[in-house]
Structure formats: structure tokens, C-alpha cells
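# An overview of the molecular structure
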Amino acid sequence: MQKILVTGGCGYIGSHTIVDLLENGFDVISIDDNSRSTLYALTGIERITHKKIKNYKVDLKNFDETQAVFQENIDIVGVIHFAAYKAVGESVEQPLLYFENNIFSLINLLKCVKEFNVPHFVFSSSCTVYGNPDSIPVTEKFPIKKAESPYGATKQMGEEMVNEFSRTENVSSILLRYFNPVGAHPSALIGELPLGKPMNLIPAITQTAIGKLPKMFVWGNDYDTKDGSCVRDYIHVCDIAHAHTLALQYLLNKNNSTKCDVFNLGTGTGVTVLEAIKTFEKVSGVKLNYEIGPRRNGDVIAIYANNDLAVSSLGWKIKYDLTEMMRTAWAWEQKIKIQEDLEKQNALLN
Ligand code: WQD
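Residues numbered from 1 in each chain as written. Predicted model: local features only at pLDDT ≥ 70, side-chain atom pairs only at ≥ 80, totals over all residues. Heavy atoms only, no water.

### A few points about the pairing of strand β11 (residues 260–265)
Our working rule: Remark: exposure states derive from per-residue accessible area (1.4 Å probe, protein chains only) relative to the maximum for the residue type, with buried under 20%, exposed over 50%, and partly exposed in between. Numbering goes from the N terminus for both helices and strands, where a helix is a DSSP run of H or I of at least four residues and a strand is a run of E of at least two. We call two strands paired when DSSP finds no fewer than two bridges between them.
For β11, the buried fraction is high: six of the six residues fall into the buried class. Burial along β11 is two-sided: the residues C260, V262 and N264 and D261, F263 and L265 are all buried. Across six bridges, strand β6 (residues 172–178) lies against β11 in parallel orientation. Looking at β11, one finds that Y178 is bridged to L265.

See below:
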């Protein structure tokens, strides 16, 4: 079986991608320092796939420890790089933390890819590189605009680094620009585990609905959109995960047209914040306690993908609609609550 290294394998998109890779016949190892994730995801992966995943608890900023993982696994045929900090707001407050972590990690990883002649590299990027687009939907040919945050800047720099590295080294790469990944695996055994107060919309919705948050805010309803709230392209995390498997197969089959192809991963449909809330309420039967708040700095008004390239070149077929995104997100939130209640009971009993 062809071995793939997934960095950030204990994280949200990383864990879902590992499940998809295993289900498609790949052998997988993970590097995750668990600074922003837990090993809980590996348990979920094992219960879904009945396969045990080895995770190397290594900080990619530590070159020697990263190199040692490659020395132990010289048969790696591809790397999928997810491990990075991704909180937009935090990056505005602590830019150096983001530049150091996200850029140093990538440099060390690329040095190892070169040293150990790994032929394929997939980079986790984001639609944030487009900034506020002049028109929508956006294709991969749209201009890269000044990043709205240091987080976005690290994604733009990361794309440049992978692009130049692939041009000069014997590596073929792919940049995958996610729109807004949401939802959870249908088994509700893995999902998003936001640390602290959720910044992203869907975890804010589900945590408010389950009572973890007393209420949530809609950050602005006075934008020039159909109902005044911002437009995004929400895409199910399992559809995002499968696109990574397809991207690897595309590279392994040498179907790539350049040394660094780029693909948008979105549904191609724009959904407003208020539409997302309405869909959630319909799916869950829960009336959401929200208030209209002020606009959030840095928010893009409206963006959604033209995904024709990923559909035609990767053979990507989207399986989950907005209802499924909300249903699986809600099922996962309910599962977390059951788990937390059990842990509280055990703590009381012991
Ligand atoms: C979506 C919309 C908010 C929370 C960012 C990154 C992107 C990716 C996903 C990493 C906006 C509104 C949100 C809330 C709200 N990051 N909202 N109330 O900002 O589009 O994308 O996260 O992979 O790269 O840029 O996602 O979910 O934070 O916000 O009204 O409590 O929901 O204002 O309009 P965003 P988001």
C-alpha cells in the first residue's frame, strides 16, 4: 500500500482526510503535536475504519524530530500538509506566532520532502487568499489580493513557497483552496473540536443550540447581499476530505498539467449567514437564540467558488448538501455533549 504522511492528522480536516485515504486503500501516518488537537480523533478514525493510525507527536518547527519521522518512513510517496494555526482573530492579535508556526513548519517539511525524495505534496490552502473578490463566483485564475489577516498572509506565502519549491525540485504539488469546511463524519465519531469560544459560524450555531453558549451574534445584516448578512460557500468536511484523496491519485497517475496545480474546493453555491441559521433550525427543530451584532473586522462580504476545475480534473463529485452539513454538525455537537456529561458523571463517581 502507498504510504501517505498527513500533518495535523488529529485535527478537523486532517482526521476526516485520513478516514478517506484509508477507505481508498492508502497506508497513512500522522504528525501532530496535539498543541491544538487531541488523540480523541485517532480513536474515532480507528472505530470508523478499524485501522490503527500511528501519530508522531512532533512539532514541525523542530527540524531534527521531523527529519527522524521521514528517516523511519522512507517509503512515503506523498505528504498532505494541514498542520497550521488557523484562527483569523488570533492571528491579528499575535502575527509573529502565526508567521513562526505556519511558515517555519512548512520550511522544515519541504526540506524533508527534498532530502527524502518524496514525489508528491498537497498543501492545505484557503479561499482567504482571494480577499474580497471583485466578482463572484471566483475561479482559480482570480487575483490574489492583500491578505485580510496574518493567517491569510501565511496561506498566501505558503502557496508561493510550495509553488517555487515544486518548480525547482523533483516534486509535483497541488494547492487546495478550501471555502468554508463544515459538518462532521456521518458516524458522529469525528468532527470539529474548536478550542475555547468558537469563532466560526457552524460551531457557534451548534454550541448555542445545545446550550453551551447562551446566545450567538450575527455579525452584521447591513451588507449589500440578499438578506444583508455575509455570503459564504459552506462545504462538507467529508467532501473536502475526498478531494485530497482524488488530488493524490491525480498526482500519482501523473495527470497534473503543471508542477503545482491549484483547485477551489467549494460547492459553487453562496449561502448567507441567516440562510445557514434557518437551515439549521429546520434540520434540528431548535429555535436559535441569536442577535444581530456589529460587522466583524476583516469579514469578506460575499464569496463562493467556481469549482469546475476540481470537478472536471479531479473527478470530484459533491455528496453533501447544506441540510446534511447542518444535520451532521448537530449530531456531532450532541455526541460531544453526551461524552462530556459521561465524563462529568465519572468524575463525580471517582
Ligand atoms: C463565516 C460568516 C461571519 C461566527 C474563516 C477563514 C477561513 C477558514 C474558515 C480556516 C462570517 C459569520 C461567524 C459567528 C457570525 N479558516 N459569523 N457569527 O471568516 O468565512 O472563514 O474561517 O480554515 O480561511 O477565513 O468563517 O465561520 O468565521 O464566518 O455571524 O458567531 O459567519 O461574520 O460572515 P470565515 P466564519
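That was the structure; now back to the text.
### Quick notes on empty space enclosed by the protein
It is a probe the size of a water molecule, rolled over the atoms, that shows where empty space is left. Rule in force here: In this analysis the probe radius is 1.4 Å and the grid spacing 1 Å, with only protein atoms considered; a cavity is a set of points the probe fits into but cannot get out of, a pocket is an open set with protein on both sides within 12 Å along at least five of seven lines, and lining residues have an atom within 4 Å of a point. Grid points are joined across faces, edges and corners, and a volume is the space filled by probe spheres set on the points. Note on residue classes: Ala, Val, Leu, Ile, Met, Phe, Trp, Tyr, Cys and Pro are nonpolar, Asp, Glu, Lys and Arg are charged, and everything else, Gly too, is polar.
The tally for this structure, following the rule as stated, stands at two cavities of 30 Å³ or more. Taken as a whole, the largest cavity encloses approximately 110 Å³ of empty space. Among the secondary structure elements, those contributing two or more residues to the lining of the largest cavity are α7 (201–210) and α11 (322–349). Residue classes in the lining of the largest cavity are distributed as eight nonpolar, three polar and two charged.

### Topic: the sheet that holds strand β2 (residues 27–31)
Each strand in a sheet pairs with another by means of backbone hydrogen bonds, the pair being arranged parallel or else antiparallel. Quick note on the threshold: Working convention: axes come from line fits to C-alpha atoms, limited for helices to the stretch in contact. Angles between N-to-C directions cover 0 to 180 degrees. A contact between two residues is defined here by any heavy atoms of the two lying within 4.5 Å.
As summarised here, the arrangement of the seven strands in space is β3-β2-β1-β4-β5-β6-β11, forming an open sheet in which the pairing is parallel. Of all strands in the sheet, those bounded by a partner on one side alone are β3 (54–56) and β11. For this sheet, the mean angle separating the axes of adjacent strands, direction not counted, is 20°. Both strand β5 (residues 120–126) and β6 contribute to a ladder of seven bridges, which runs parallel. Looking at the pairing, V122 lines up with I174 of β6. The sheet contacts of helix α5 (residues 95–115) involve β1 (3–7), β4 (76–81) and β5, and relative to β5 the element is tilted by about 165°.

### Comments concerning the environment of S30
Heads up, the rule is: Distance and chemistry together define a polar contact, namely a pair of N or O atoms within 3.5 Å, with one atom able to donate a hydrogen and the other to accept it when in protein, and with adjacent residues in sequence counting only for side-chain atoms on both sides.
Assignment of secondary structure puts S30 in strand β2. On a C-alpha basis, the gap between S30 and L42 in space is 9.7 Å, while along the polypeptide they are 12 residues apart. In this structure, S30 is in contact with L5, V6, G9, C10, I18, I53, K54, N55 and Y56, ignoring residues within four places of it in sequence. In this structure the side chain of S30 is engaged in a polar contact, spanning 3.4 Å, whose partner is the backbone nitrogen of G9.

### Some points on the site of the ligand
Here is the rule we go by: Any residue with a heavy atom lying within 4 Å of a molecule or strand is counted as near it. Per-residue accessibility takes into account occlusion by the displayed protein chains alone, with areas from the Shrake-Rupley method and a 1.4 Å probe.
For the ligand, the set of nearby residues contains 20 residues, the closest of which are S126, L201, F217, R232 and D299. A distance of 3.4 Å is found between an oxygen atom of the ligand and a backbone nitrogen or oxygen belonging to M199. At 2.9 Å from an oxygen atom of the ligand is found a side-chain nitrogen or oxygen belonging to R296. Coverage of the ligand by the protein amounts to 90% of the 690 Å² it exposes when considered alone. If you list the elements that add at least two residues to the shell around the ligand, you get α7 and β8 (216–219). Ranked by residue count, the leading element in the shell around the ligand is β8, at four residues.

### Here we look at the layout of surface pockets
Within this model, the second largest pocket holds a volume of roughly 280 Å³. Those elements that place two or more of their residues in the lining of the second largest pocket are α6 (150–168), β6, β11 and α10 (308–314).

### Details of the environment of E140
Relative to the assigned elements, E140 resides in the loop between β5 and α6. Owing to a relative accessible area of 15%, E140 belongs among the buried residues under this scheme. Taking C-alpha positions, E140 is 19 Å from I301, a pair spaced 161 residues apart along the chain. Setting aside anything within four residues of it in sequence, one finds E140 in contact with Y130, R177, V262, F263, N264, N306 and L309. A polar contact of 2.7 Å, which involves the side chain of E140, links it to the backbone nitrogen of N264.

### Focus on unusual backbone geometry
Among all residues save glycine, negative phi is the norm, and among peptide bonds the norm is trans. In the segment running from I136 into P137, the intervening peptide bond is cis, with an omega of 0°. Structurally, P137 is set in the loop between β5 and α6. A positive phi is found at N34, a non-glycine position, where the angle reads about 55°. Position of N34 among the secondary structure elements: in the loop between β2 and α2 (40–49). According to the relative accessible area criterion, N34 is buried, its value standing at 13%. One non-glycine residue, K254, lies in the positive phi region at around 55°. Of the residues examined, K254 reaches a relative accessible area of 65% and is grouped as exposed.

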